[in-house]
Every structure is written in C-alpha cells, then in structure tokens.
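# Examining the three-dimensional arrangement
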Amino acid sequence: MAAVPPGIRLLVSFDRDQWYRALMFILTFLLYTSFHLSRKPISIVKSELHRNCSSINELATIASSSSQQPSLPSLHTDMDCSWKPFDKKNYKQLLGAMDYSFLCAYAVGMYLSGIIGERLPIRLYLTVGMLTSGLFTCLFGLGYVYNIHHLGFYVFVQVANGLVQTTGWPSVVTCISNWFGKGRRGLIMGLWNSHTSVGNILGSLIAGYWVSSNWGLSFIIPGLIIAVMGVVCFFFLIEHPNDLKSMYAQNSSPGKRVNGHPELYTQYKDNKTQAYCYYEDSVQNRKSYDTELLLPRDSVCPPAQPVVVVKRESEPSAISFMGALRIPGVIEFSLCLLFAKLVSYTFLFWLPLYITKTAHLDAKKAGDLSTLFDVGGIVGGILAGVISDKLGKRATTCAVMLLLAAPTLYGFSMISEFGLGPTIGMLLVCGGLVNGPYSLITTAVSADLGTHKSLKGNARALSTVTAIIDGTGSVGAALGPLLAGLLSAGGWDQVFYMLMTADFLALLCLLRLVTKELTSTKPRPISAVELKEH
C-alpha cells in the first residue's frame, strides 16, 4: 500500500471547525480588503486632477524660451490641462473638501452602524453595504466618462459612499471575534488587520494603472470588485460557529430512526434548549452536546410528537450607546484613535500628492511609492499584536509606538528631500509606527472591550463598541485630510507639525491606562486560542 502524501496528511489533520475558522479568516480579510481598495483611488487621482496646468505651462515656457521662432498660440485650455473644478488655485482646499465630505459622513454613520448592526443579520447587512458602496464608487468614475465638472456631484457621491461604507468595519470585526477567542488575539488580529494595508496597496496599483490614461477606470474597477465581493459575502459568510452547529443538527436529525419513528433529542447549548429524541441504552456518545432522553427505556417507542424549541433564558438585549461608553477603557481608546487615525488617514489621502510635489514624480510612480507606507503598516500591526499578547499590555504597547512615531515623522519630512533611497526607508518605518497603534486599537482592543467582564457575558455589545471606537477615530480621519489641505498651502512643514502634535495628543489620552497597566501587580499575557461562544 502506497504511503499517504504528506500534504494530504496535513490537510486531514485539521478538523471541520478549524477549516471553517480558516475560511472565515480569509473571507473577512478579503471582504475588508475590498473596502480599502475602493477608498484608495481618490488619493491617486488627486495629482491627476491638478497635474496638467502647472506641468504643461512649465513645458510651454521652456519651449518658447528655447525657440527662436515667434511663439504660437497656446494649444491647450484649462479644460485640456486639468479637470474642472479642480483647475483653480484653491484646488487643495477643494480636494480636501472631498476627503472631508467622505470621512465626515463615515464618522457620523459609524455611530449608527454599530447600533443597527447589532440588530440585523450581519451577512445581509454587509452585503447591502458592499453592493451600494460599489455603486457609488463607480459613479465617481462615471464623472470622467460623462464629462461631469460639478463639485456638488462629487461631494454627493463621497457623502453617500462614506455612509454605506460604515457597514463594513463593525460587521467584519464582530464576525472574526465570534470565530476567534481572546487567546493570541493580538497576533491573530494583527495578521488579519493587514487587510487595510493590502487593500491600500492594491487600490494604489489598480488606480495607478489607469490614472494617466483614463482616471474614471481608477474608480470603476475597484467599484466592481467590492460589488462582486458583496455577492461572495451573501453566499459564504457565516456569522457565528453556532450557526454551523445548528445546521448540522438539523441535517443529521432526520437520518436516524428509532423503531420506525424519527429520532428526537434535546440539545443544550448556549442557554438554549433544542429538541432531540435519542433511543440508546448508554450515553457514551454524548461528547459534543449535553443530551437528555425523551423516550422511555423500554421496547415500546411512543408516537413521535411535534418538537418545540424552548428558550431557557431570554437572550441578552443589545447594549445601549451610553452603556457601551461606560465600559472601562472605551473613552480613552476612542480619543486615542481619534488622533492616531488623523495621522494615518492624512497619509492615506495626501501621501501620493506629497511625493509628487517633493520628489517630482508622476502620478503612477508616486502612487506605487506610497504603497511602502502600507507595507510598513502590515509589519507594525503584526508586531503591535505580538508584543501586546506577550506583555498583556495593550495601552502600553500603543503608547511606546506613538512616542516613537512623532520624531520619526519629523525625520521623514527632512529626509524625503534627500533622494529616493532615504525616502523608501522612512516610509517603511513611519508606516509601522503610525499604523501599529491604529491597527491594535481597531481590532484586538475593540474586541477585548466588546467582551469585557463588566458585560457579564453579554456579547451583543461588540458591534456597538467597535463602532464607537472606530467612529470616534473617523472624526480624526475626517479632520486630518481637511487640515492637511488647508495647511499645505503654507508649506508641507506645517502639515508635519500638525501630525506630530496629533501623535503626542494620542499618547496623552492613554496615560491613565498605561499607568494602570504598569502598576498592576499581575501580568495578563494570553497564551491559548479558545473559541469564543455567545
């Protein structure tokens, strides 16, 4: 008999629950990757919307000065060299207003999204959000196809897209937290949260491919991708492992018969009682469920009766907004994320334009180079998760990275003027230090607080807590790009001073929690992965 290949032995070594857990990890990763992939094009297209006027005028000036012949009439107009209404001198403010409209709508919608998400099926809620987000992303690109030059159109699309994109984060965090418990949550969430950077990288590459030839496709293609992923979500997303167990119980119960009658049984799981009927003399096979015989132990089986499912206890109600705020640590981490996300989203929306202006690269090369910031963010998020798991100190881990990030930002503003090599190195370091705390707070910290011991087992607070933390952070995400648009008119140095100030303010918000962690007598490292059940 031939030996079983080692690859097959590896595959069969995992049980069914582990395979489903891996599937949900990958699926939710891809779902939120598509969200960030659809947000990134605007930052790539910015340099194209106001690229042509300045560059073409410079080329025309050089050509006319070097030519001995009389100058010819200009062959371009404002329409040729830029995209109205972004052809004016206040184009930075207009672009900042578009960012602000999206992020402000996102921040307001996030507070409502968590509360709504606790009361609706996650799969359907997320599917609708992704399909509508794909629609509005494509609409922005159709502005190029149909030659639309009204600022109001683009602002409307940004506001609508910001609102529907709020369905994503509370839904995927709740789902992934349902499948993975507190054990090594920082590492798992750090790996999983790299979808943010992966989405930014893919969005930059896809948008950059078409930005110079047809920037409308820079939006239409990502819009189609997130819509397709919404369909995938509808067909494959499993909100909770208990949904699978109930499905297998329903499928397996009609298969066995006792004396010609269907099998009935009682399953106790998660404070709920479901009906089983089991005719056996022993109870040795009761490994997965607590069962209770409903048939007498004799040779006569009574007629089968309708099965009634009875709840032993009423399910806990969804937590209120104020109740979520009273959970220890929610306010501190929410305010910290406000300033941390301000820094991260300023880089997200303005980094390609900054590279274009300082390094004198075209839109595509600047977009490709900006992806290095997200590569550093992947490493920073994973390191933050591993360190916080090892030490059991989430706030302290975030505080140290924030403390290091501020001087690094100043170094980046200085070194970026000295060539491509130093810029690449600083982009990687800045990405890790800026996105590390942001990643940790939005994933592992949110999941920890959403299952805090003060909730006494009520796990229905997770989506609301996640929405409060990320919604507050989104206020900073809205302010950052807006302030960058206003301050950059006076020079990029002012933008970096604003970013460094935000980092120090984020650090101050965590001082009380850091002091509490450092003075705690017992460390709280988490070592084992356990399935969290509601």
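As shown above, the structure is provided for reference.
Read on for a plain summary of the structure. (Residues numbered from 1 in each chain as written. Predicted model: local features only at pLDDT ≥ 70, side-chain atom pairs only at ≥ 80, totals over all residues. Heavy atoms only, no water.)

Right, let's talk about the environment of N161 for a bit. Here N161 lies in helix 8 (residues 151–164). Judged by its relative accessible area of 5%, N161 is buried. A polar side-chain atom of N161 sits 3.0 Å from a polar atom in the side chain of S133. (Helix = DSSP H or I, 4+ residues; strand = E, 2+ residues; numbered from the N terminus. Buried < 20%, exposed > 50% of the residue type's maximum accessible area, 1.4 Å probe, protein only. Polar contact = N/O pair within 3.5 Å; in protein donor to acceptor, adjacent residues only side chain to side chain.)

To continue, consider the environment of L383. Residue placement: L383 occurs in helix 16 (residues 363–391). Distance in space between the C-alpha atoms of L383 and T397 is 9.6 Å, their sequence separation being 14 residues.

Before going further, it helps to spend a moment on the environment of I382. On the secondary structure map, I382 appears in helix 16. Those residues in contact with I382, other than ones at most four positions away along the chain, are L187, G190 and L191. (Contact = heavy atoms within 4.5 Å.)

Judged by side-chain polarity, V4, I8, L10, L11, V12, F14 and W19 come together as a nonpolar surface patch covering roughly 670 Å² of accessible area. Considering every element that reaches the nonpolar patch, the biggest residue donor is helix 1 (residues 6–12), with 4 residues. Within the secondary structure, W19 sits in helix 2 (residues 16–39). (Patch = residues over 30% accessible without salt bridge, like charges linked within 9 Å, V, L, I, M, F, W, Y side chains within 5 Å. Areas by Shrake-Rupley, 256 points an atom, 1.4 Å probe, with all protein chains shown as cover. Salt bridge = Lys/Arg side-chain N within 4 Å of Asp/Glu carboxyl O.)

The next subject is the nonpolar core. Residues L237, F347, F412 and L499 are the most contacted members of the largest nonpolar core, which totals 114 residues. For this core, the leading source of residues is helix 15 (residues 330–359), giving 17 residues. Filtering out sequence-adjacent residues up to four positions away, F347 remains in contact with P352, F373, L409, F412, F496 and L499. (Core = buried A, V, L, I, M, F, W, Y, C linked by side-chain atoms within 4.5 Å.)

Now for the packing of aromatic side chains. What the rule picks out here adds up to 23 aromatic pairs. Where F140 meets Y154, the ring centres are 4.9 Å apart and the plane angle is 55°; that geometry is what we call tilted. With F140 in helix 7 (residues 122–145) and Y154 in helix 8, this pair connects stretches of sequence that are 14 residues apart. Note on Y154: relative accessible area 1%, which makes it buried. An aromatic cluster is built from F347, W350, Y354, F373, F412, W492 and F496, whose rings are joined through pairwise contacts. Seen from the ring of F180, R21 lies directly overhead, with NZ or CZ sitting 5.8 Å from the centre. We note K46 situated over the ring of W350; from NZ or CZ to the ring centre the distance is 4.0 Å. (Phe/Tyr/Trp six-rings, centres within 6.5 Å; stacked < 30°, edge-to-face > 60°. Lys NZ or Arg CZ within 6 Å of the ring centre and 35° of its normal.)

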